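Chain by chain, the residues run as shown.
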Amino acid sequence: MAVKTVIEAVREAMREEMRKDPRVFVLGEDIAERGGVFLATDGFLKEFGPARVIDTPLAESSIAGIAIGAAVNGLRPIAEIEFADFVWPAMNQIVGEAARIRYGTNGTKFVPMVVRMPYGGGVRGGLYHSQTIDVVFAHQPGLVVIAPSTPYDAKGLLKAAIRSDDPVIFLEHKRTYRLVRGEVPDEDYVVTIGEADVKRKGDDMTIVTYGLAVHYSLEAAELVKDEGISVEVVDLRTLAPLDRTTFLESVRRTSKALVVHEDYHTYGVGAEVAATIAQEAFHDLDAPVTRLAGPDVPAMGFAPTLEAEFMLSPEKIATAIRELAAY
Amino acid sequence: MAVKTVIEAVREAMREEMRKDPRVFVLGEDIAERGGVFLATDGFLKEFGPARVIDTPLAESSIAGIAIGAAVNGLRPIAEIEFADFVWPAMNQIVGEAARIRYGTNGTKFVPMVVRMPYGGGVRGGLYHSQTIDVVFAHQPGLVVIAPSTPYDAKGLLKAAIRSDDPVIFLEHKRTYRLVRGEVPDEDYVVTIGEADVKRKGDDMTIVTYGLAVHYSLEAAELVKDEGISVEVVDLRTLAPLDRTTFLESVRRTSKALVVHEDYHTYGVGAEVAATIAQEAFHDLDAPVTRLAGPDVPAMGFAPTLEAEFMLSPEKIATAIRELAAY
Amino acid sequence: MPTRRKPHTTTAARQAGAGIITSRDLLEMYRVMVMSRVLDERIWLLNRQGKAAIVASAQGHEAAQVACVWATDRARDHYLIYYRELTTLLALGLTPLDLLKGFLARDGEPLSGARQFPTHGAHRGVDVFSFSNVVGTQLPQAAGVALADKMRGEAKVTVVYFGDGAASQGDCHEAMNFAGIHRLPVVFFCENNRYAISVPLSKQMAIEGVAERAAGYGMPGVTVDGTDVVAVYEAVRAAAERARNGHGPSLVEVMVERLFPHTSDDDHTRYRTAEDIKGMREKDPIPIMEALLGRQRLLSTEAREAIWAEAKRTVNVATEEAEATPFPSAREFRAHVFADA
Amino acid sequence: MPTRRKPHTTTAARQAGAGIITSRDLLEMYRVMVMSRVLDERIWLLNRQGKAAIVASAQGHEAAQVACVWATDRARDHYLIYYRELTTLLALGLTPLDLLKGFLARDGEPLSGARQFPTHGAHRGVDVFSFSNVVGTQLPQAAGVALADKMRGEAKVTVVYFGDGAASQGDCHEAMNFAGIHRLPVVFFCENNRYAISVPLSKQMAIEGVAERAAGYGMPGVTVDGTDVVAVYEAVRAAAERARNGHGPSLVEVMVERLFPHTSDDDHTRYRTAEDIKGMREKDPIPIMEALLGRQRLLSTEAREAIWAEAKRTVNVATEEAEATPFPSAREFRAHVFADA
Ligand SMILES: Cc1ncc(C[n+]2csc(CCOP(=O)(O)OP(=O)(O)O)c2C)c(N)n1
Ligand SMILES: Cc1ncc(C[n+]2csc(CCOP(=O)(O)OP(=O)(O)O)c2C)c(N)n1
Ligand SMILES: [Mg+2]
Ligand SMILES: [Mg+2]
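Let me sum up the structure you'll find in this document. Along each chain, residue indices are assigned from 1 in the same order as the chain's sequence is written. Numbering of ligands from 1 and lettering of chains from A proceed in the order in which they are written. The predicted origin of the model limits local features to residues at a pLDDT of at least 70 and limits the giving and counting of side-chain atom pairs to 80 or more, whereas totals for whole chains, interfaces and linings rest on all residues. As a rule here, side-chain values come from all non-hydrogen atoms in the structure, and water together with hydrogens is ignored.

**What to know about the overall build of chain A**
Starting at the N terminus, helices and strands are each numbered in turn, a helix being any DSSP run of H or I of at least four residues and a strand any DSSP run of E of at least two. Looking only at helices and strands, chain A has 12 helices and 14 strands in total. Dimensions of chain A along its principal axes, counting C-alpha atoms only, are 60 × 45 × 40 Å. For the exposure calls, accessible area comes from a 1.4 Å probe over protein chains only, and a residue counts as buried if that area is under 20% of its type's maximum, exposed if over 50%, partly exposed in between. Looking at chain A as a whole, 76% of its 327 residues are labelled buried. Surface exposure of chain A reaches about 8600 Å², of which carbon and sulfur atoms provide 49%. The accessible surface values rely on the Shrake-Rupley method and a 1.4 Å probe; as for residues, cover is taken only from the protein chains in view.

Now the structure itself:
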């Protein structure tokens, strides 16, 4: 096992699958000569040639639409949207079309494509390079939505996504790309789609989260450890289909739940998790299910002061933990 | 007061505002000569002329983008999206742009536009003429999202929307258009945006719902009345900003909550309502907050059998009421 | 590349000389057109009886649609159609029963199991795909289908059908641009009937037709008379050859009339003048085809009557069978959300 | 309408003859260009020092940008710009301090209060609007701005700026189409620098330039040399006149070079050849402008040096002041979500 970053894990997952399966190819803006703005496809043009590493025009709707057509016709495209903020023009093709093709053709056609996109804030990205866009996809039945937090999960889940026969939205928190390192096996492996993971064991409460916030939550759990608060951290990993079993099982044991995410509070992913816990673990709860999420303002600001106000942090999470623990 | 249908109320609201304010104009597909596919703008071309009643090309992204530009430059456009299912190509302009312009210009520019769209099922519309698309808008801070259920509310809220200085998504359940009738005052009035409404008083449980499901819920409440179950029905009316006070107040009194909507269950509007109740009314609840929503399948089917399976009905709601009452 | 503004009509003489379409082909095409017309009329009837929820009629488009299929290879090519393609589907081999099951939403409907609107879904035999009601989405998808063929080195053509209305969508621009850059084997087949529901061409574009835009994507664009099977056949044939030989996409715009309102929910007297409605009848492709066959002495009165009688019989039988078929059961309602389901 | 493929360059002689730009204008434009260059260089420095988070350089685009403003009426026209418009903003009257506050994200930044990326937001004085980072969205919005003026009968021009990359977006097509149909007073100003980040023109379009598409929207399209202030001025002037007089939109494509990488996060040696990088230096608009002024004897060596020295002094003072300004307080963080907030 070697220690890798998230972006390395992503790159290796794609490279290995492309080596193994000639149907897999990548398309997107600046992914060929440039190797992607985050270098996710660095070296791919040289290794796989221009037929399988396609620089597209600046036109996201067609990137998704072309990927759908190629997938329906037997290939396995991996489309890169340069930043999640720029996927909005492609919504019609992804949510309107890709999600419904298997269902609407009664199983005759299907769309084995992956749409990768860097998302999330904390990188001085301002209004249009910081967005979290997960719930829009996760709400649409027919789409698989994955949001890994570690290099191990990123690689294993991306490989599973590429091999899946369903359209997969693969969300990579860009702040984790180079910040987060972890062990990644040398041999081939996949992480099963649709399974949450307990990233830290604890007894007093359960944090349910995903993406960058997993790391912040783990740090927060360390911060409060000496205060005698034992926190379990569940990493959802897959947002749709949602693995309810893992977090329910945890909350039933700890009796308290804190749902944490970077995206806006209202109608966010956390609402579904909280509502599920409230309904399914009603009698096990010692306190109301609490949410800590991004503020309901239209976007993350560019100035560092504004960005910090919007973003989560280990400290903010620790404060929420203490409050819930004291309930 | 006269009895009107929902579509008449919508038409009158626009006509009266256009008569009063020369800045108000309508644009969309087939709204001029044709008067709109649902005749919402019937007679407008004749009364207001082609400069204020504009048939656009079939291009939803530009319909929204043009409305934004006109609004920023001092007009008050009302854009019609022919069916909510076709708004996906305009998502970038609405969610990516309109919602963030006031915030991103620090208050210098703003977008007083209304985007109206017929949504919802039960009209044999199949995959692409039945969609409910509310939560995608409601999740985005900066957008006002309205979904009225009665002619009175439709007219009063649409007038308020047209006069509002914020971008408003106005969702009209198309099954209510001609089905639902109700009294509408002859004189000018508005219904305040952001206020839910108790449509029926009751003591044993609170249904929180909106749109067509309000009527189904009221019917269901009648169905169970003789069984001794007294149901309060709260109509959200505005989905964003969400009026939490009204339904919390109700649930605190009835101690049981059933959240009902036509859209998919998972990550739907109901999740936020349920999560809010579970957090804020934790100690008042005698039973877990329950949700009854559309199934997590990609779309409503065309065959009547498939459609009925997807749709809500008074009977389905009555069953859910009985179960919750028995808890 | 030349853009022909004026619809190009082939004379019978020239066509006989070119000899590319046999008499047999012409008669077969006519048979499909008649079947389409008879079926279309039946569906309107079923709609008016409250049995068929919606109809988007192909009447007026029959010649163009049948000729396009004839000019391509249904055994290997891809057809991404839109909702007004009754004749295309018949020409590709679907039966009146298949289609009636769609309009009546009956069990076993082959394209979507009656999950979708009539004529929507995908077929397991011939590669016809009519996925969405959202106008224009098929265009980038077609570029993707063709890209896959090109990557595998398969000499297949992707024909993508769309209306004048769809040409206004951003997706149309993006698809044509990508196909042009990568010289993809696509035939962009635009059925220009001058209306997007009620919106006339003059409010859809500041030019005379969609083909004028082809140059902006580095591909040839032609406009042909869509009531003339030979003209359409030749134009599509040339475009398909070009595509199959690796020379890239083309745009073929056929000028047709939509002889009925947009769908059964529409009333075109609200927005078309009486003159316009009367005038378009002259562009009914069925009598035009009959005149062509008559000039070539390919169709006697008896033969013609026999073809119509046969079509009616077939449609009668199919209607009975479709009406006797139940709606699909809701049991399988959750199937095909994901691969394993 | 003619599409001019080859960039059109005005000779000094012709321009003197036409007499539409005064010597004073030429010198003023030069002064703005120099200020833009000096400021741009300073911002790169601040970026390399870790003080400015991101830079999208206007170097190479200066002549085109200043001439476009000069050819329009900043007292009444609308400017919907994109992110590479430092020179445009200076020409419109923003100060180096205004702009430095943006790059350093300081309190009181006039366009967005440092909520947005540098140069993004809207101004309360001159109507410049640079809302989004999402490439292409400004194009339909510009059509809407122009529609409002047209409805009110105001003789204003909307200038909308975009790159060659943005031309691939569906929104570009939809905007041009609508503007063409309604003959809206829009000048579509395309700064074609042959790259969308790393993607060269040949992978963006199957034609030679964006102006070739204008005909498909029923509007004139011209391509001009974007290092030639007079050529750009004349082309934009003609387009603006046309718009102001109710004759509808035009597309003016200026051929420029992006002399630096896409942004400070980019490294163009990954995708541009050494030859390409070296060659583009010949299209640096500053020496070209200086040569023009020299030929017309409008600029002595001393005058030139004074202009550069003045620009540097201004930028130095502004840098100090900007650096001394605090970041905006997070207190007003929730303001301006809705009207009442
Ligand atoms: C994106 C989208 N917007 C609007 C509609 C509603 N609609 C259905 S068909 C149609 C007109 C299409 O016109 P055209 O492309 O010319 O095809 P035609 O019906 O004339 O054959 C419209 C506006 C739709 N289905 N999809
Ligand atoms: C919709 C969208 N997709 C992708 C991006 C990322 N991106 C930013 S600038 C750019 C290239 C734009 O090129 P062009 O329009 O030619 O302008 P230039 O930078 O060359 O001046 C890209 C791909 C974006 N901002 N928006
Ligand atoms: Mg049409
Ligand atoms: Mg460029």
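Continuing now.
**Let's talk about the interface of chain C and chain B**
The contact criterion used throughout is that any non-hydrogen atoms of two residues lie within 4.5 Å. On the chain B side, the residues contacting the 38 residues of chain C number 35 residues. By buried area we mean the combined loss of accessible area, with a 1.4 Å probe, across both parts when two parts are placed together. For the pair chain C and chain B, the two sides together bury roughly 3000 Å², of which 65% comes from carbon and sulfur. Three residues stand out in chain C for area buried against chain B, namely C:Lys203, C:Arg270 and C:Phe333, and they jointly supply 22% of the buried area on that side. Within this document, salt bridges are pairs made up of a side-chain nitrogen of Lys or Arg and a carboxyl oxygen of Asp or Glu, the two lying within 4 Å of each other. Along the contact surface separating chain C from chain B lie three salt bridges. The residue C:Lys203 makes a salt bridge to B:Asp55 at a minimum N-O spacing of 4.0 Å. Whenever a nitrogen or oxygen atom comes within 3.5 Å of another N or O atom, the pair is scored as a polar contact, on the condition that within protein one atom can donate a hydrogen and the other can accept it, and that pairs from neighbouring residues in sequence are kept only if both atoms are in side chains. In this structure, the connection of chain C to chain B is made through nine residue pairs in polar contact (both at pLDDT 80 or more). Side-chain classes are defined by residue name, with Ala, Val, Leu, Ile, Met, Phe, Trp, Tyr, Cys and Pro counting as nonpolar, Asp, Glu, Lys and Arg as charged, and the others, Gly among them, as polar. Of the residues contributing to the side of chain C that touches chain B, the split by class is 20 nonpolar, 11 polar and seven charged.

**Some remarks on the coordination of the magnesium ion (ligand 3)**
All names here are of chain C. The rule for donors is simple: N, O or S, within 2.8 Å of the metal, or within 3.2 Å if the metal is Na, K or Ca. Water isn't counted, so a site may look like it is missing partners. Ligation of the magnesium ion (ligand 3) by protein atoms is provided by Asp164 (OD), Asn193 (OD1) and Tyr195 (O), these donors lying 2.0 to 2.2 Å from the ion. Linear spacing of the donor residues for the magnesium ion (ligand 3) on their chain is D-x28-N-x1-Y. In this pair, the class of Asn193 matches that of Tyr195, namely buried.

**A short note on the interface of chain B and chain A**
Size of an interface: often given as the accessible area lost when the parts come together. Counting from both sides, the interface comprises 52 residues of chain B and, opposite them, 52 residues of chain A. For the pair chain B and chain A, the summed buried area comes to about 4500 Å², and 63% of that belongs to carbon and sulfur atoms. For the salt bridge of B:Glu272 with A:Arg291, the shortest nitrogen-to-oxygen distance reads 2.8 Å. When residues of the side of chain B that touches chain A are traced back to their parent elements, those giving at least two are helix 4 (91-104), helix 5 (134-138), strand 13 (257-264), helix 10 (269-280) and strand 14 (290-294) of chain B.

**Side note on the packing of helix 2 (residues 23-48) of chain C against helix 3 (residues 62-70) of chain C**
Residues and elements named next belong to chain C. Direction vectors running N to C along helix 2 and helix 3 enclose 135°, while the axes themselves pass 10 Å from each other. With respect to helix 3, the axis of helix 2 lies oblique. Handedness of the crossing formed by helix 2 with helix 3: right-handed. Every residue of helix 3 that contacts helix 2 at Asp25, Glu28, Met29, Val32, Met33, Ser36 and Arg37 is listed here: Glu62, Ala63, Val66, Ala67 and Trp70. A class-by-class count of the residues in the contact of helix 2 with helix 3 yields seven nonpolar, one polar and four charged. Between N-to-C directions, angles cover 0 to 180 degrees, with each direction set by a line fitted to C-alpha atoms, over the stretch in contact for helices. With respect to orientation, any angle under 35 degrees is reported as roughly parallel, any angle over 145 as roughly antiparallel, any angle of 65 to 115 as roughly perpendicular, and every other angle as oblique. Throughout, a crossing is termed right-handed when the near helix is turned clockwise from the far one, and left-handed when it is turned anticlockwise from it by less than a right angle.

**Comments concerning the coordination of the magnesium ion (ligand 4)**
In a perfect tetrahedron of four donors around a metal, the angles come out at 109.5 degrees. In a perfect octahedron of six, they are 90 or 180 degrees. Residue and element names in this part refer to chain D. Taken together, Asp164 (OD), Asn193 (OD1) and Tyr195 (O) make up the protein donors of the magnesium ion (ligand 4), found 2.0 to 2.2 Å from the metal. Of note, the donors binding the magnesium ion (ligand 4) are all from one chain and are spaced D-x28-N-x1-Y. Here Asp164 is found in the loop between strand 5 (158-163) and helix 7 (170-181), whereas its partner Asn193 is found in the loop between strand 6 (186-192) and strand 7 (195-196), with 29 residues between them in sequence. For the pair shown, Asp164 and Asn193 are each scored as buried.

**Concerning the site of ligand 1**
The near set for a molecule or strand comprises every residue that places at least one heavy atom within 4 Å of it. Close to ligand 1 lie 21 residues; B:Glu60, C:Tyr82, C:Tyr83, C:Arg84 and C:Asn133 are nearest. More than one chain reaches ligand 1: the nearby residues come from chains B and C. Within the side chain of C:Arg84, a nitrogen or oxygen atom sits 2.7 Å from an oxygen atom of ligand 1. Taken by itself ligand 1 offers 580 Å² of open surface, and the protein chains cover 97% of this. Split into classes, the residues belonging to the shell around ligand 1 amount to 10 nonpolar, six polar and five charged.

**What to know about the sheet that holds strand 5 (residues 114-119) of chain A**
Residue and element names in this part refer to chain A. Ordered by their spatial adjacency, seven strands build an open sheet running 3-2-4-5-7-6-12, and the pairing between neighbours is mixed. In the strand order of this sheet, the two ends are held by strand 3 (53-55) and strand 12 (238-240), each with one partner. The mean angle between the axes of side-by-side strands here comes to 20°, regardless of whether they run parallel or antiparallel. Two strands are said to pair when DSSP picks up at least two bridges between them. Where strand 2 (residues 24-28) and strand 3 come together, three bridges link them in parallel fashion. Within strand 3, the residue paired with Gly28 across the bridge is Asp55. Contacting strand 2, strand 3, strand 4 (76-80), strand 5 and strand 7 (168-173), helix 1 (residues 6-20) runs over the sheet at an angle of about 130° to strand 2. Most of the contacts of helix 6 (residues 151-163) go to strand 7, to which it runs at about 160°, and overall it touches strand 2, strand 4, strand 5, strand 6 (144-146), strand 7 and strand 12.

**Some remarks on the sheet that holds strand 14 (residues 290-294) of chain A**
All names here are of chain A. Pairing is mixed in the open sheet, where five strands are placed in the order 9-11-10-13-14. The sheet is open, and its two edges are formed by strand 9 (197-200) and strand 14, each paired on a single side. In this sheet, neighbouring strand axes are inclined to one another by 25° on average, regardless of whether the strands run parallel or antiparallel. Sheet topology places strand 10 (residues 205-209) next to strand 11 (residues 231-235); five bridges connect them, and they run parallel. Residue pairing across strands places Thr209 opposite Asp235, the latter belonging to strand 11.

**Some points on the relation of the copies chain B and chain A**
Both copies of the chain are placed relative to one another by a rotation about an axis and a shift along it. The copies were overlaid by least squares, fitting only the C-alpha atoms of residues that reach a pLDDT of 70 or more in each copy. Rotating chain B by 180° about the axis while translating it 0.0 Å along that axis superimposes it on chain A, leaving an RMSD of 0.0 Å. With respect to symmetry, the two chain copies, as superposed, fit the operation of a two-fold axis. No C-alpha of chain B lies nearer the rotation axis than that of B:Ala275, which sits 2.2 Å from it. A share of 100% of the interface residues of chain B reappears at the interface of chain A, consistent with the copies meeting face to face through the same patch.

**Re the pattern of salt bridges**
Tallying each qualifying case throughout the model produces 101 salt bridges over all chains. The residue B:Arg322 makes a salt bridge to B:Glu227 at a minimum N-O spacing of 2.8 Å. Here B:Glu227 lies in the loop between helix 8 (212-225) and strand 11 (231-235) and B:Arg322 lies in helix 12 (residues 314-325), a separation of 95 residues in the sequence. Residue B:Arg322 is classed as partly exposed on the basis of its relative accessible area of 35%. Between C:Glu323 and C:Lys51 there is a salt bridge, with its nearest N and O atoms 3.0 Å apart. Highlighted residues: C:Glu323 in helix 11 (residues 301-324) and C:Lys51 in the loop between helix 2 and helix 3, separated in sequence by 272 residues. On the basis of relative accessibility, which here comes to 32%, the residue C:Glu323 falls in the partly exposed class. On the basis of relative accessible area, C:Lys51 is assigned to the partly exposed category, the value being 36%. Linked by salt bridges that have partners in common, A:Lys4, A:Glu12, A:Glu16, A:Glu17, A:Lys20, A:Lys155, A:Lys159, A:Arg163 and A:Asp188 make up one network.

**Observations concerning the packing of helix 3 (residues 60-72) of chain A against helix 7 (residues 170-181) of chain C**
Direction vectors running N to C along helix 3 of chain A and helix 7 of chain C enclose 65°, while the axes themselves pass 9 Å from each other. The angle between helix 3 of chain A and helix 7 of chain C falls in the class roughly perpendicular. Crossing angle aside, the handedness with which helix 3 of chain A passes helix 7 of chain C is right-handed. Within the contact between the two elements, helix 3 of chain A uses A:Glu60, A:Ser61, A:Ser62 and A:Ile66 and helix 7 of chain C uses C:Asp171, C:Glu174 and C:Phe178.

**Overview of the packing of aromatic side chains**
A pair of Phe, Tyr and Trp rings is counted when the ring centres sit within 6.5 Å of each other, with Trp represented by its six-membered ring. The angle between the planes then sorts it: under 30 degrees is stacked, over 60 is edge-to-face, the rest tilted. All chains considered together, the criterion is met by 26 aromatic pairs over all chains. Between A:Phe83 and A:Phe86, the aromatic rings sit 5.7 Å apart at their centres with planes inclined by 65°, giving edge-to-face as the arrangement. The pair formed by A:Phe83 and A:Phe86 is uniform in burial state, with each residue classed as buried. Just above the ring of C:Phe129 sits the side chain of A:Lys109; from NZ or CZ to the centre is 5.5 Å. In this analysis the charged atom, NZ for Lys or CZ for Arg, is taken to sit over a ring once it is within 6 Å of the ring centre and within 35 degrees of the ring normal.

**Structural notes on empty space enclosed by the protein**
Using protein atoms alone on a 1 Å grid, points that fit a 1.4 Å probe yet trap it form a cavity, whereas open point sets bounded by protein on both sides within 12 Å along at least five of seven lines form a pocket; residues with an atom within 4 Å of a point count as lining. Grid points are joined across faces, edges and corners, and a volume is the space filled by probe spheres set on the points. Tallying each qualifying case throughout the model produces 11 cavities of 30 Å³ or more. In this model, the largest cavity occupies a volume close to 210 Å³. Among the secondary structure elements, those contributing two or more residues to the lining of the largest cavity are helix 7 of chain C together with helix 7 of chain D. Taken together, the residues of the lining of the largest cavity break down into four nonpolar, 12 polar and four charged. Taken as a whole, the second largest cavity spans an internal volume of roughly 180 Å³. The set of elements that each furnish at least two residues to the lining of the second largest cavity consists of helix 4 (91-104) of chain A together with helix 5 and strand 13 of chain B. Class assignment for the residues of the lining of the second largest cavity results in 12 nonpolar, five polar and four charged.

**As for the site of ligand 2**
Lining the immediate surroundings of ligand 2 are 21 residues, of which A:Glu60, D:Tyr82, D:Tyr83, D:Arg84 and D:Asn133 lie closest. Two or more chains meet at ligand 2, and those chains are chains A and D. Contact between ligand 2 and D:Tyr82: an oxygen atom at 2.7 Å from a side-chain N or O atom of the residue. Within the contact set of ligand 2, an oxygen atom lies 3.0 Å away from a side-chain nitrogen or oxygen of D:Asp164. Surface burial for ligand 2 is 97%, taken as the share of its 580 Å² of free accessible area covered by protein chains. Split into classes, the residues belonging to the shell around ligand 2 amount to 10 nonpolar, six polar and five charged.

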